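# A structural walkthrough
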Amino acid sequence: MPISVEINVEVPELVLNSSFIRNQIYRALQTQIRPKIHKLFDQTIEGWSDKPAFHESGHNWLSEVAVRVWTDNARYAYVNNGTPPHTITPRGRGMLRFRPGYTAGTRPRVLSSKKPGRFGDYVSAWRVKHPGIEARNFDVEIAEQIFPEFVDAVNEAIHLGINFAK
């Protein structure tokens, strides 16, 4: 399940039909918005030992202009979306061995991360009822934080394009 940030805006067809204005919007999204989205995603994995990769894409079509930052990392999806309570069993014939104390490295809707901590004496069990993971909703928080800059960048690009066309 990919995690991504996508912001859509309805722009009058007249604006998108102007290749100059459309190119100005795309350039603004590529140079201003996409790097900021990527940086915000990077903040969420700062303390992770096995950091997932974030990918970038974009397009400049007559009907739509878009940039996207995304990951298809399953672990990131579990943290971002959360998980319901579930049972964990060993993969092989052995037992689970773990330290029961845990401090999370992330918090819901906080775009930072630290190394998680484990503590307590080791215990063994045939299975464990995991309480689940509270959704961190990083993607929602990033979209909400970047939206005002997105609006400003698109409006500025349209303004430049209209003034150039005069």
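Residues numbered from 1 in each chain as written. Predicted model: local features only at pLDDT ≥ 70, side-chain atom pairs only at ≥ 80, totals over all residues. Heavy atoms only, no water.

## Some thoughts on the overall build of the chain
- Regarding its fold elements, the chain presents four helices and nine strands.
- At 21 Å, the chain has a C-alpha radius of gyration far larger than the 15 Å of a compact globule built from 166 residues.
- Here the C-alpha coordinates of the chain stretch approximately 75 × 25 × 20 Å along the principal axes.
- Of the charged side chains in the chain, 21 are positive and 17 negative; the average position of the first set lies 12 Å away from that of the second. (Helix = DSSP H or I, 4+ residues; strand = E, 2+ residues; numbered from the N terminus. Rg over C-alpha atoms; globule rule 2.2 N^0.38 Å. Lys, Arg positive; Asp, Glu negative; His and termini not counted. Charge placed at Lys NZ, Arg CZ, Asp CG, Glu CD.)

## Thoughts on the packing of aromatic side chains
- Counted according to the given criterion, the structure contains six aromatic pairs.
- Judged by centre distance (5.3 Å) and plane angle (90°), the ring pair of Phe54 and Tyr76 falls under edge-to-face. On the criterion of sequence distance, the pair formed by Phe54 in the loop between α2 (19-43) and β2 (55-60) and Tyr76 in helix α3 (residues 74-81) is long-range, its members being 22 residues apart.
- Judged by its relative accessible area of 9%, Phe54 is buried.
- The class of Tyr76 is buried, set by a relative accessible area of 0%.
- Ring pairs connect the aromatic residues Phe41, Trp48, Phe54, Tyr76 and Phe138, which therefore count as one cluster. (Phe/Tyr/Trp six-rings, centres within 6.5 Å; stacked < 30°, edge-to-face > 60°. Buried < 20%, exposed > 50% of the residue type's maximum accessible area, 1.4 Å probe, protein only.)

## Details of empty space enclosed by the protein
- Applying the stated criterion across every chain yields a total of one cavity of 30 Å³ or more.
- What the largest cavity holds in volume is close to 90 Å³.
- Forming the walls of the largest cavity are Val5, Glu6, Ile7, Asn8, Leu29, Ile33, Ile37, Val65, Ala66, Val67 and Phe150.
- Of all the elements in the fold, those that place two or more residues in the lining of the largest cavity are α2 and β3 (65-71). (1 Å grid on protein atoms, 1.4 Å probe; cavity = no way out; pocket = protein on both sides within 12 Å on 5 of 7 lines; lining within 4 Å. Points joined across faces, edges and corners; volume = space filled by probe spheres on them.)

## Looking at the nonpolar core
- Of all hydrophobic cores here, the largest spans 32 residues; its most connected members are Ile25, Leu29, Ile33, Ile37, Phe41, Tyr76 and Ile142.
- Secondary-structure elements contributing two or more residues to this core are β1 (3-5), α2, β3, α3 and α4 (138-165).
- Examining the composition of this core, we find that nine residues originate from one element, α2, more than from any other.
- With sequence-adjacent residues up to four places away left out, Ile37 is seen in contact with Val5, Val69, Ile142 and Ile146. (Core = buried A, V, L, I, M, F, W, Y, C linked by side-chain atoms within 4.5 Å. Contact = heavy atoms within 4.5 Å.)

## Considerations on the side chain of Arg136
- Looking at where Arg136 falls in the secondary structure, it is placed in the loop between β9 (128-130) and α4.
- We note that Arg136 is buried and unpaired, the nearest opposite charge coming from Glu134 at a distance of 4.8 Å.
- Polar side-chain contacts of Arg136 include one of 2.8 Å to the side chain of Thr106.
- The contact partners of Arg136, leaving out residues within four places of it in the chain, are Val79, Asn80, Ala104, Thr106, Arg107, Pro108 and Arg109. (Salt bridge = Lys/Arg side-chain N within 4 Å of Asp/Glu carboxyl O. Polar contact = N/O pair within 3.5 Å; in protein donor to acceptor, adjacent residues only side chain to side chain.)

## Let's talk about the pairing of β2
- The sheet contact formed by β2 and β3 spans six bridges and is antiparallel. Opposite Gly58, over in β3, you have Val67 as the bridge partner.
- The turn linking β2 back onto β3 is made up of four residues. (Pairing = 2+ DSSP bridges.)

## Digging into α3
- Listing the buried residues of α3 in full gives Tyr76, Ala77, Val79 and Asn80. Buried residues in α3, looked at end-on, bunch into an arc of 165°, giving them a common side.
- Residue Gly82 follows α3 closely and has a positive phi angle near 80°. (Arc of directions from axis to C-beta.)

## Concerning the sheet that holds β2
- The sheet built from three strands is open, its strands ordered β1-β3-β2 with antiparallel pairing. The open sheet has two edge strands, β1 and β2, and neither has a second partner. Strand-to-strand twist in this sheet, taken as the mean axis angle between neighbours without regard to direction, amounts to 25°.
- With three bridges joining them, β1 and β3 adopt antiparallel strand pairing. Each residue of the ladder has a partner; that of Ile3, found in β3, is Thr71.
- Across the sheet, α2 is in contact with β1, β2 and β3; its angle to β3 comes to roughly 20°. (Axes fitted to C-alpha atoms, helices over the stretch in contact; angles between N-to-C directions.)

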